[in-house]
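# Remarks on the overall topology
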Amino acid sequence: MPRNLDVAHVFDVSSREKEIIEHPNSCYVIGRNGAGKMTTILFKMLGIERTYAQQSESLSIARPRQVFVTQSRALATRFEEAFSKLMASIAATKKSKEELAEQQKLGGLYNVNDDVTWKAGLPKKFSLLQDEHFPLFLTFDRLCQLLEGDLGSAVGVTGKSTSPVITYNIFLEQYWPHFPKPLTKNLNPALVFSEVLGVIEGSEESLSHQAGYLDLKAYTSFSSRTQHVLANQRKQVYLLFQAYIKRKRLRGEFDTAERTHRILKAFDPPGGVPGTKIDYLYVDEAQDNLLIDAILLRSLCRNPNGLFWAGDPAQTFAIGSSFRFDELKAVLYRFEQRREQLEGKKAISQSEPRTFQLSVNYRSHGGIVRCATAVIELITHFWPDTIDRLAPEQALVDGPKPVFYGSSETNKADYKQFLSKDSGERIEFGVQQCILVRDEAAKAELANQVGDIGLILTLYESKGLEFDDVWLYRFFEDSTVDFKQWRVVLNLMKAPPGRAKEHAPRFDEERHAGVCSELKFLYFAITRARKNLWIVDYSDKAIPMRKLWDSKGYIDCITGGEIPQSNDEEWTTTGHTLFTNRRYLPAMQAFKRAQKHREADISYAHHLRDTARSIQSFGKEITTAKRNAFCSAAEAFLRCAQCAKDKEQRMFFHNAADCFENAGSYGENMEDYAKAARAYEGAKEYTPAVRLYRKTEMFDDAVRVIQGNRQEVDEGLANVRFGYRNNTTLVRGQRPGQHPHAPELGRHQEATDPGPHQKL
């Protein structure tokens, strides 16, 4: 078998991983990215599936219903592909080198979230799932669509939703700028959004409120020890929440917490889930779910001993979440108590779930792990209820200490000098080097100073990414916490031999609450690095942490070596990684460096679409700008489609159609709708094509599409809306408006087609 091919087959696992795989009951698995969580889930699922296959040869037994759930479609797809490779590993030994090489070819470059055919083979209702659909790999969003199908309120899987789920980006771009400035002043929008979803709307306590969220009294009395992030500003946050609720209703939108509440209420009491429940549930990246999401997921599984919750609490640090596995365990424990009480003697008792920690870090070496552990020690010392208490992380190998650049005596002008060679020539960063900054403002400022030197990402953009070398740039200087507050960390600094311990302020939980959030951000930033970490900060606010690390011998204050150069192949790989994580502008830059102009154009088209979506749509001039931006993105996708084939080409036509349709909705421009219809036709999405041909009174084209693709056009649209039978056709040469059914079509249009953007 060719050794350079990634053929999946059973390989040796660590003793800890084997213990998890063979554990017969429910469990919680906690570990960093790369610690082995994916391995344990895959082999546990594989073992159950293989046992069924062996037993089914001699016994008539039902296939176990295994479901893997995560928030990311890319991750769900990757898990399914890995599982399929594992299942096919035996057959792989019989394949030729050419066949195996064919398996290795990468698919087209497109955003998997744009694929309207993803899981299209599934029924529209959870209750209609059959044994042959399992094992099932789904996003939480897709699972909710199946459940909503049973409620009769499912968002169209292949159609255009008029009520988008509010993501953080939508909140940041379409909500935050419209809140009163006195309320948003000095508040981080990521922290506020996390507080709204995670506490006010998504906490276990919210289920006891008829409105589906905490009232002001309940929120202000919420435990400040476990939910400390905005504990001092809760009245201000709740006023923002009320403004959010008002705007959300005006726009006809909903968020994930609201959707989960609606589903839980429909299936109340627990056990009211339609259809056959599942036998084994695997939840990866559990920290990305709300607590009420966890309750919903738990209610879908009939086997209380078939639950697998895996995650990395540190991943929540990037968005200010206060998620803790201890709280998840408590919520699910109370769920089991209620379930057993409700089911009585028929209830299956749950064996006590076990918690496993995969503490070996296979990605970062000891130098970086020790630096990060010192940050965790600060959090657990001052704020023990805000983080899961875990065994200290261990690195597989040791490595160089992180390097800290900066002191109070150094001139800040050295920032730019640091990013230049001794000759003054600009440094060129490689594919595995990244500069991390705090926010978009810092990113724009740095890019303006140094130009295109490599990847510059915000903390939020770096979620889920890791690099060999990381430059953490001005983290402390851009912090909202002042120098006096940062000095609280000096309480854990040991006095140098023969010298008195440096004075540190007494810890005050209320006064120093902001430091806790900053330390979580800092830990997250440090753990993006695998090999080398440079912390570049010349502000006074950096001094306390620098002194603490230095006193423990965890950092060096020396200059770094030469930055490794990267070849085209490495830049291409990084471009794909960034694109998969929807970092389109950095992906474009990576592809350009690799001389991959086609891939760079595809990345740029996606970037243009993101830009169009972010433009506020209030005011005539801005509305025009938004329409023009969507048109630019649509044209870019059409150009990409000309050089693409098969599924990739259909995806680009779909994206172009979607952008043209969005453009048309800002001013009801029929020309844009007509372009959208033609692009949908190119994507072989005939139902929306007919809908828009009808909207623009291009009835000849509508009938042509129906007659050529009748089985693929929505039956209601083909039969009812046009009001003609099989032998009725348009007269050639006749103007669309003169078609005998045009008045009927027009009336139906007004009655049934509100359009995707008829909201404030």
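Anyway, here's the lowdown on the structure attached to this text. (Residues numbered from 1 in each chain as written. Predicted model: local features only at pLDDT ≥ 70, side-chain atom pairs only at ≥ 80, totals over all residues. Heavy atoms only, no water.)

Another point: helix 6 (residues 140-151). Across its twelve residues, helix 6 extends 17 Å between first and last C-alpha, which sits within 8% of the 16 Å expected from 1.5 Å per residue. For helix 6, the full list of buried residues reads Phe-140, Arg-142, Leu-143, Cys-144, Gln-145, Leu-146, Leu-147, Glu-148 and Gly-149. As for helix 6, its buried residues are in contact with strand 2 (66-70), strand 3 (136-139), helix 12 (256-266) and helix 13 (291-299). Two residues or fewer after helix 6 comes Gly-152, characterised by a positive phi angle close to 75°. (Helix = DSSP H or I, 4+ residues; strand = E, 2+ residues; numbered from the N terminus. Expected span 1.5 Å × (residues − 1). Buried < 20%, exposed > 50% of the residue type's maximum accessible area, 1.4 Å probe, protein only. Contact = heavy atoms within 4.5 Å.)

A contiguous nonpolar patch, built from Tyr-362, Leu-396 and Val-397 and spanning about 310 Å² of accessible area, is present on the exposed surface. By the secondary structure assignment, Tyr-362 is in the loop between strand 7 (360-361) and helix 15 (366-382). Tyr-362 sits in the partly exposed class, given a relative accessible area of 41%. (Patch = residues over 30% accessible without salt bridge, like charges linked within 9 Å, V, L, I, M, F, W, Y side chains within 5 Å. Areas by Shrake-Rupley, 256 points an atom, 1.4 Å probe, with all protein chains shown as cover. Salt bridge = Lys/Arg side-chain N within 4 Å of Asp/Glu carboxyl O.)

This next bit is on the sheet that holds strand 4 (residues 280-283). Overall, parallel pairing links the six strands, which are arranged 3-2-4-5-1-6 in an open sheet. Two strands bound the open sheet, and with one partner strand each, they are strand 3 and strand 6 (354-358). The average undirected angle you get between the axes of adjacent strands in this sheet is 15°. Pairing analysis gives four bridges linking strand 2 to strand 3, with the strands arranged parallel. Of the residues in strand 3, the one forming a bridge with Thr-70 is Thr-139. The strands touched by helix 6 are strand 2 and strand 3; relative to strand 3, the strand with the most contacts, the crossing angle is about 100°. (Pairing = 2+ DSSP bridges. Axes fitted to C-alpha atoms, helices over the stretch in contact; angles between N-to-C directions.)

It is worth spelling out the packing of helix 26 (residues 670-682) against helix 27 (residues 686-695) at this point. Contact pair helix 26 / helix 27: the axes reach a minimum separation of 8 Å and the direction vectors enclose 155°. Regarding the angle of helix 26 to helix 27, the classification is roughly antiparallel. Crossing angle aside, the handedness with which helix 26 passes helix 27 is left-handed. In this structure, helix 26 contributes Met-670, Tyr-673, Ala-676, Ala-677, Arg-678, Tyr-680 and Glu-681 to the contact, and helix 27 contributes Tyr-686, Pro-688, Ala-689, Leu-692, Tyr-693 and Lys-695. Considering only residue class, the contact of helix 26 with helix 27 consists of ten nonpolar, no polar and three charged. (Parallel < 35°, antiparallel > 145°, perpendicular 65-115°, else oblique. Left-handed = near helix turned anticlockwise from the far one by under 90°. Nonpolar A, V, L, I, M, F, W, Y, C, P; charged D, E, K, R; others polar.)

Without other data, these values stay purely geometric and don't point to any function.
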